[in-house]
Amino acid sequence: MRCVQAFRLTVAVALLMAGCHSSTPAKSEKKVADDETPAQQVTIFAAASTQNAVEAIVHEFERLNPDVKVNASFASSSTLAEQIASGASADVFLSANVQWADFIKQKMLVGEQHELLGNQLVVVVPADATWDVHMPEDLTQDEIEHIAIGDPDSVPAGIYAKEALEKLDLWEKLQDRLTPAGDVRHALALVETGAAEVGIVYATDAAVSEKVKVAFPFDRDLTAPIIYPLVLTKRGVQNSAARELYHFLQSSSAATVFRQSGFRVQQKAGVQ
């Protein structure tokens, strides 16, 4: 009997020790998880025309702030603004026109706003184009069958293009040749691939492509000022990292990148 009791006691102690041993890794893993500091998350929605510049600025911002992760989304300002109005979790919004910044402002979603950049419309043709396009009236020549523009009903570049063509009394004449695109980079791509003989895009879009060349710029007085408002959303106001990014986009280092990309930096930008 004593041997049996002793055996049972030995087994019980062994099981207890095994249980204690198996719990040790779990405690260790939990400690590692507790010690990890998750990166602060910031989401910026930016107009497609700003993609190259914003990506470069975000890269530098993350280098200076290694505990911050910036998630960037690029599309037409209209698409992005509608997504924000529908509840998308954007902290910062860089719009290609004032209209779409005002749209989310009317939805009571804007915390702060600053007029950051300026741009200009240009007409581009493929880099190897043989047709002569030197002035707006040349767009009516027979060789020009497709003119790529942003959707004039929503895409800022398309809205500005329509305004310019209407002032030049060319809008109705060119209606059958227009190929609306979902954003200005798509309009640029149509020219790059030869799907359109010419395109109306921003000067900054033409500057980032080796597949097109500028045929001529539109006079600035043909459109309302092409202004890019920078918005810190109400959601972003609550995020310290988002506030830092919002101000970094207005810094002198960011202004240098924007200028190198062909943007005009508004007077108040470039302040550290």
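Quantities reported herein were computed from a predicted structural model and do not represent experimental measurements. Every chain begins its residue count from 1, and numbering advances along the sequence as written. The model is predicted, so local features are restricted to residues of pLDDT at least 70 and side-chain atom pairs to those at 80 or more, both for listing and for counting; the totals for chains, interfaces and linings are taken over all residues. Working from all heavy atoms in the structure, the side-chain values ignore hydrogens and water.

> Hey, could you run me through the nonpolar core in this one?
In a soluble, globular protein the nonpolar side chains are often hidden away together inside. Core analysis: the largest hydrophobic core is formed by 70 residues, its most contacted members being Leu-94, Ile-147, Ile-200, Tyr-202, Phe-218, Tyr-228 and Phe-258. Residues grouped as a nonpolar core are buried Ala, Val, Leu, Ile, Met, Phe, Trp, Tyr and Cys residues, joined through side-chain atoms within 4.5 Å. Residue exposure (1.4 Å probe, protein chains only): buried if accessible area is under 20% of the type maximum, exposed if over 50%, otherwise partly exposed. Judged by nonpolar contacts, the second largest core, of 12 residues, contains Leu-80, Ala-81, Ala-90 and Ile-104.

> Would you mind showing me how to read the confidence of the model for the protein here?
Reading predicted coordinates in detail is not appropriate for stretches of low pLDDT. A residue-level look at the protein finds 84% of positions with pLDDT of 70 or above and a mean pLDDT of 88. Residue-level confidence of the predictor is summarised by pLDDT, bounded by 0 at the bottom and 100 at the top. Only heavy atoms enter the contact rule, under which two residues are in contact if any of them lie within 4.5 Å. With pLDDT under 50 throughout, residues 1-35 is counted as low confidence; its partners more than four residues away or in other chains account for zero contacts.

> Explanation requested: the side chain of Thr-233 in the structure shown.
Here a strand is any run of E in DSSP of at least two residues, a helix any run of H or I of at least four, and the numbering for each starts at the N terminus. Summarising the element assignment, Thr-233 is placed in strand β10 (residues 227-233). When its relative accessible area of 2% is taken as the criterion, Thr-233 is described as buried. Pairs of N or O atoms within 3.5 Å make up the polar contacts considered here, provided that, within protein, one atom can donate a hydrogen while the other can accept it, and that residues adjacent in sequence are counted only when both atoms are side-chain atoms. A distance of 2.8 Å separates the side chain of Thr-233 from the backbone oxygen of Ala-90, its partner in a polar contact. Excluding anything up to four places from it in sequence, Thr-233 contacts Ala-90, Asp-91, Leu-109, Val-110 and Gly-111.

> Which parts of the structure should I look at to understand the packing of aromatic side chains?
Aromatic rings considered in pairs are described by the distance between their centres and by the relative angle of their planes. Centre distance within 6.5 Å is the pairing criterion for rings of Phe, Tyr and Trp, where only the six-membered ring of Trp is used; planes under 30 degrees apart are then read as stacked, over 60 as edge-to-face, and the remainder as tilted. This model, assessed by the stated rule, comprises six aromatic pairs. Taking 5.2 Å as the distance between ring centres and 70 degrees as the angle between the ring planes, the aromatic pair formed by Trp-100 and Phe-103 counts as edge-to-face. Note that Trp-100 and Phe-103 are positioned in helix α4 (residues 98-106) at a spacing of three residues, about one turn of the helix. The exposure class of Trp-100 is buried, given its relative accessible area of 8%. With 5.6 Å between their ring centres and 75 degrees between their planes, Phe-216 and Phe-218 make a pair best called edge-to-face. Taking the relative accessible area as the measure of exposure, Phe-216 reaches 5% and is therefore buried. Among the residues examined, Phe-218 registers a relative accessible area of 2% and is labelled buried.

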